[in-house]
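Tertiary structure, described
Each chain, letter by letter, is given below.
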Amino acid sequence: MKQFFAFIKKEFYHIFRDQRTLLVLFGMPIAQLLLFGYAITTEVSNANIAVFNQSPGQFSNQLINELKSSDFFRVSANVHSKEELEKVFRTDQAKIAIVIPPKFEEGFYNREAQIQLIADGSDPNLATILSSSANAIIMKWMMKKSGNALPVESITTGVRWHYNPSLKSVLMFVPGVITIILMLVSAMLTSISIAREKELGTIEILFVSPLKPGIIIIGKVVPFIILSIFNAVFILVMAWIIFDIPVNGSIVLLLLESLLFIITALSLGVLISTVSNSQQMALMLSLFGLMLPVILLSGFIFPISNMPLPLQVISNIIPAKFYLIIIKGIMLKGVGIMYIWKETLVLVFMSVLMIVLSIKKFKIRLQ
Amino acid sequence: MESQNKVIVCDGLTKTFGDFTAVNAITFDVKKGEIFGFLGANGAGKTTAIKMLSGLLSPSSGKATVAGFDVATQPEDIKKNIGYMSQHFSLYQDMTIKENIRFYGGIYGLSRKEIKTQSKLLIKKLGLEAYENRLVEGLPLGWKQKLAFSIAIIHNPSIVFLDEPTSGVDPITRRQFWGLIYEATHQGITVFVTTHYLEEAEYCDRVSIMVDGDLKDLDTPQNLMKKYDKDNMNDVFLYMAVRSKYKE
Amino acid sequence: MLEFKNISKSYEGQEALKDISFDVKKGELFGLIGPDGAGKSTLFRILTTVLLADNGTALFNGHDVVDDYKYVRKNVGYMPGKFSLYQDLSVKENLNFFATIFGTSIKENYDLIKDIYQQLEPFENRRAGALSGGMKQKLALSCALIHKPMVLVLDEPTFGVDAVSRKEFWDMLKSLKAKGVTIIVSTPYMDEASLCDRVALIQKGKILQIDTPKGITDSFEKILYTIKTNKIYESLKVLNDIPEVSNAFSFGQIIHVYAENELNIEKVNNILRENGIEDPKIELGEATIEDCFMDLMVSQNLEEDGVAE
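What you see is a predicted model, and the numbers here were worked out from it, not measured in a lab.

Notes on the overall build of chain C
Scanning chain C for helices and strands turns up 10 helices and 14 strands. Principal-axis analysis of the C-alpha atoms gives chain C an extent of 70 × 45 × 35 Å. For chain C, with 309 residues in total, the buried portion stands at 58%. Within chain C, residue pairs in contact and separated by at least 24 positions form 69% of the contacts whose partners lie at least 6 positions apart. As displayed, chain C offers around 12600 Å² of accessible surface, 46% of which is attributable to carbon and sulfur atoms. Taken as two groups, the 35 positive and 47 negative side-chain charges of chain C have centres that lie 7 Å from each other.

This is the structure we're talking about:
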């Protein structure tokens, strides 16, 4: 037992004396959370819109004011010809334009009013969001107008976003960031720290000592379990303070599930270290073997249901996918274990498999 | 006129890292075509001095010229005119002998024709004809060192720096390596060499001994042995290094 | 104390060790002398249980290193070739760590390392990475000794270390030997052979000879002459062309010439003079370990003249 604690003490010395490790450990969660929370956002606010008003008058001005007064748009250019409009798009002065045709004023009450929206399709995501936002505002205004003047026999659909009513993207990203950070800290740092001992040759002395291989592995892993749990809590607290995102479900359950996921990731890290002999190789393997699949295939950024079938199948072997379902369930929907026991079981199974594999592969000798 | 015969002129060259003076105002010359032995204990400042002379590190004070170029202001010109080889040989392990020669010939600006003739010559000199398409990885250490040296002088530099080139090499190959060094000096290349095999110091034309950043002495091996009344350079070195150690 | 029987080991088709057999007695200071790539580290790794041999057995105080590896690991002190300490831990933290994992404490075995560690004590709180080469070596030795091992296995402890630190290191080994520790040490420096009780000369995975240093030099079969000239390189060329000369090698300012039979000194003198070498001085000389090593290399055809297929 004394040996074990000496080993863990040594590991903490390594961690706290290496600035790079510390940066990954503590700088990364903050950077990622802020990055996803603020910069990479799918919400639209203050988007530039160009106005081509060919029928200046009472109604068209009202409509433009309606657009201006919303948080979504800011009129960045008033153009007077098609050519000018072209130029606005080419110089990126606006991503969307509203074209009010001649005779708009006259035709307004004859139901001949037609408005054209032109969006810059080079960024399809943004184009969709902008045009639907603009559309929504225009429709609302039309409703208001026609409600006053004449009856409308149209049916509109109202969509309400459950669990994330204001469609805040940060709500989606916090679980994703926690998943990435836990994977990164656990798998990458563990595999690098074992590979470093191989690279420096210190592993040879550890082999030639009464330390059991199990103790070496557990000694390597325990510090990162502690730090990862700390990290998860840290991100949750940050998300709560900065972005005002609460955990709807049980925090205890969330932490237990996180612990399970950390163990899965750590055993992956140990597995990686058994096949890499240098820190560089461990880093490459964890980055390309773990990080990219986690970001791309876990459902964090791209919905799994939209993927082609082969990728959907592959996504099933990615632990992060299941953890993401679990953590979203607990955080956003506030569900209990009853609703996520399947995913939990999958993670348990994966951990056991990888622990067995890595213990088998972790040699007590050099190759 | 005389300065043209000097490849290295070093005047009060100093390097400090914070409070620590790694190289303390060393002054010496290296003549064209000589084998200059640069001895010193670990941490005596040898590596720092070599880094300054090869333009990798700028001096804190003092002046030095290598092949006529100032180390502080013309490091790029120096790099073109020197060769460098260290104990951790600088060959690419995953490239063949021929590819290594071609690559280094290329970065030193040899023309395609020159590279072709040079590599033929070099491969023949080392007797590697049958192995020119072998990966460097599988070669014996001594071969690698001989090859690395030959490549370090492929662009016919005015001086070549050798940092412990023979460490760990078997005694026969080590002597063959020194044979290559002799041949290089006959081509007019100056050789600046460090070694832990002190009997090798006796192969040098002149030897300098650094102790704790200072250049303690500089002379021919014969004169040094006479001066300190020792039979070989090993004893001279031990005498000087130990004496300084216990003076503190 | 140590017995090697017919040990062979290959890496990817290359034979690193070929049928190695020898033993080391209790309390002996045994040297394994040979250049890099001779197979020294491989042999030590097999002995210290971190590598398995393809063939043959090794016994550590009567215990098989494969079946009873736990016994070996408890009782061996191993200093691998690479500097195997934690660079980011201080001197004291390193020593404490190794003491603890071997289930002991610095206090308990301080006697054994006292002489060595005292020199390190002023730098106790310095990180190992910031120590000079000689100091690192002393720390590594202290760490390998901290659990009072029966056998100390040192892989090229003096490699790349300057002559002064090397001398100090061998002095330390001598005093350890006096305390009853069995030591097996490898080195590429031939001059260190004379400091061992017995040595094995090893090249290309084969043992050339095993004996006491004196036994080895006494068994030098050829006649050795020393020649002093002012032109070493030119003289060597001339000498190696004389048919009666088996080999001529430089030893600093002196040339060693090996011959099967006595040479006609006058004749050699004349040949040298004819080739423009002034005033050569030829004398009979005594062989060193290095002479023996080179002669054995040549006669057993173990020069680096071929690439392993």
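Focus: the sheet that holds strand 4 (residues 55-60) of chain C
In spatial order, the strands read 2-1-4-5 (chain C); together these 4 strands make up an open sheet with antiparallel pairing. Looking along the sheet, the strands with just one partner apiece sit at the ends: strand 2 (14-24) and strand 5 (63-64) of chain C.

Structural notes on the packing of aromatic side chains
As enumerated under the stated definition, the model contains 30 aromatic pairs over all chains in all. Here the aromatic rings of B:Phe149 and B:Phe177 are separated by 5.4 Å at their centres, their planes lie at 55 degrees, and the arrangement is tilted. In this pair, B:Phe149 is assigned in helix 5 (residues 141-152) and B:Phe177 in helix 6 (residues 171-186), connecting sequence segments 28 residues apart. Since its relative accessible area comes to 2%, B:Phe177 is described here as buried. Aromatic pair C:Tyr110 and C:Tyr117: ring centres 6.5 Å apart, planes at 85 degrees, arrangement edge-to-face. Put simply, the rings of B:Phe28, B:Phe36, B:Phe38, B:Phe161 and B:Phe192 pair up and form one aromatic cluster.

Remarks on helix 1 (residues 40-47) of chain C
Residue and element names in this part refer to chain C. Extensive coverage of helix 1 is indicated by the burial of 6 of its 8 residues. What helix 1 keeps buried is the set Lys40, Thr42, Leu43, Phe44, Ile46 and Leu47. Of the residues trailing helix 1, Thr49 is marked for its positive phi of about 70 degrees.

Re the interface of chain C and chain B
Every contact between the two is made by 36 residues of chain C and, on the other side, 40 residues of chain B. Interface area for chain C against chain B, summed over the two sides, is near 3100 Å², with a carbon-plus-sulfur share of 58%. Inspection of the chain C/chain B interface yields 2 salt bridges. Its salt-bridge partner being B:Arg174, residue C:Glu290 comes within 3.4 Å of it at the nearest N-O pair. Those elements that provide at least two residues to the side of chain C that touches chain B are helix 6 (163-178), helix 8 (232-240), strand 12 (245-251) and helix 10 (289-299) of chain C. Grouping the amino acids of the side of chain C that touches chain B by side-chain chemistry returns 18 nonpolar, 7 polar and 11 charged.

Let's talk about unusual backbone geometry
Excluding glycine, residues mostly have negative phi values, and the peptide bonds linking residues are mostly trans. Unusually for a residue other than glycine, B:Glu164 sits at a positive phi of about 45 degrees. Among the secondary structure elements, B:Glu164 is positioned in the loop between strand 7 (159-163) and helix 6. Phi is positive for C:Thr49, close to 70 degrees, though the residue is something other than glycine. As for its placement among the helices and strands, C:Thr49 is situated in the loop between helix 1 and strand 4.

A closer look at the side chain of C:Glu93
Relative to the elements of secondary structure, C:Glu93 occurs in helix 3 (residues 91-101). Residue C:Glu93 is classed as buried on the basis of its relative accessible area, which comes to 18%. At a separation of 2.7 Å, a polar atom in the side chain of C:Glu93 contacts the side chain of A:Arg17. The residues contacting C:Glu93, other than those within four sequence positions of it, are A:Tyr13 and A:Arg17.

Remarks on the pattern of salt bridges
The final tally for this structure, using the stated rule, is 34 salt bridges over all chains. A salt bridge links C:Lys281 to C:Asp279; its shortest N-O distance comes to 3.9 Å. The class for C:Lys281 is partly exposed, based on a relative accessible area of 47%. Here C:Asp279 falls in the exposed class, since its relative accessible area comes to 51%. Via salt bridges that share partners, B:Arg174, B:Arg175, B:Glu199, B:Glu200 and C:Glu290 belong to a single interconnected network.

Looking at the pairing of strand 1 (residues 2-11) of chain C
Residue and element names in this part refer to chain C. Bridge analysis of strand 1 against strand 4 gives 5 bridges, and the strand direction is antiparallel. Bridging from a neighbouring strand, Phe4 pairs with Ala58 of strand 4. Bridge count for strand 1 against strand 2 is 7 bridges, and the pairing is antiparallel. Each bridged residue has a counterpart across the sheet, and for Tyr11 the counterpart in strand 2 is Gln14. From the end of strand 1 to the start of strand 2, which pair antiparallel, there are 2 residues, and Glu12 there has a positive phi angle of about 45 degrees.

What to know about the domain arrangement of chain B
All names here are of chain B. For chain B, the assigned domains read domain 1 (3-81 + 157-245) and domain 2 (92-156). Inter-centroid distance (C-alpha atoms) of domain 1 to domain 2 is 26 Å. Across the boundary between the two partners, domain 1 contributes 19 residues, which contact 13 residues of domain 2. Of the roughly 1300 Å² buried where domain 1 meets domain 2, counting both sides, 70% is carbon and sulfur surface. The three residues of domain 1 that bury the most area against domain 2 are Pro157, Phe177 and Leu180, which together make up 39% of that side's buried surface. Linking domain 1 with domain 2 are 0 salt bridges, by the criterion used here. Across the domain 1-domain 2 interface, the total number found is 2 residue pairs in polar contact (both at pLDDT 80 or more). Among the elements that make up the side of domain 1 that touches domain 2, the one with the highest residue count is helix 6 (7 residues). Residues of the side of domain 1 that touches domain 2, tallied by class, amount to 10 nonpolar, 6 polar and 3 charged.

Basis of the calculations
- Residues numbered from 1 in each chain as written.
- Chains lettered and ligands numbered in written order.
- Predicted model: local features only at pLDDT ≥ 70, side-chain atom pairs only at ≥ 80, totals over all residues.
- Heavy atoms only, no water.
- Helix = DSSP H or I, 4+ residues; strand = E, 2+ residues; numbered from the N terminus.
- Buried < 20%, exposed > 50% of the residue type's maximum accessible area, 1.4 Å probe, protein only.
- Contact = heavy atoms within 4.5 Å.
- Areas by Shrake-Rupley, 256 points an atom, 1.4 Å probe, with all protein chains shown as cover.
- Lys, Arg positive; Asp, Glu negative; His and termini not counted.
- Charge placed at Lys NZ, Arg CZ, Asp CG, Glu CD.
- Pairing = 2+ DSSP bridges.
- Phe/Tyr/Trp six-rings, centres within 6.5 Å; stacked < 30°, edge-to-face > 60°.
- Buried area = accessible area lost by both parts, 1.4 Å probe.
- Salt bridge = Lys/Arg side-chain N within 4 Å of Asp/Glu carboxyl O.
- Nonpolar A, V, L, I, M, F, W, Y, C, P; charged D, E, K, R; others polar.
- Polar contact = N/O pair within 3.5 Å; in protein donor to acceptor, adjacent residues only side chain to side chain.
- Domains from an automatic or database assignment.

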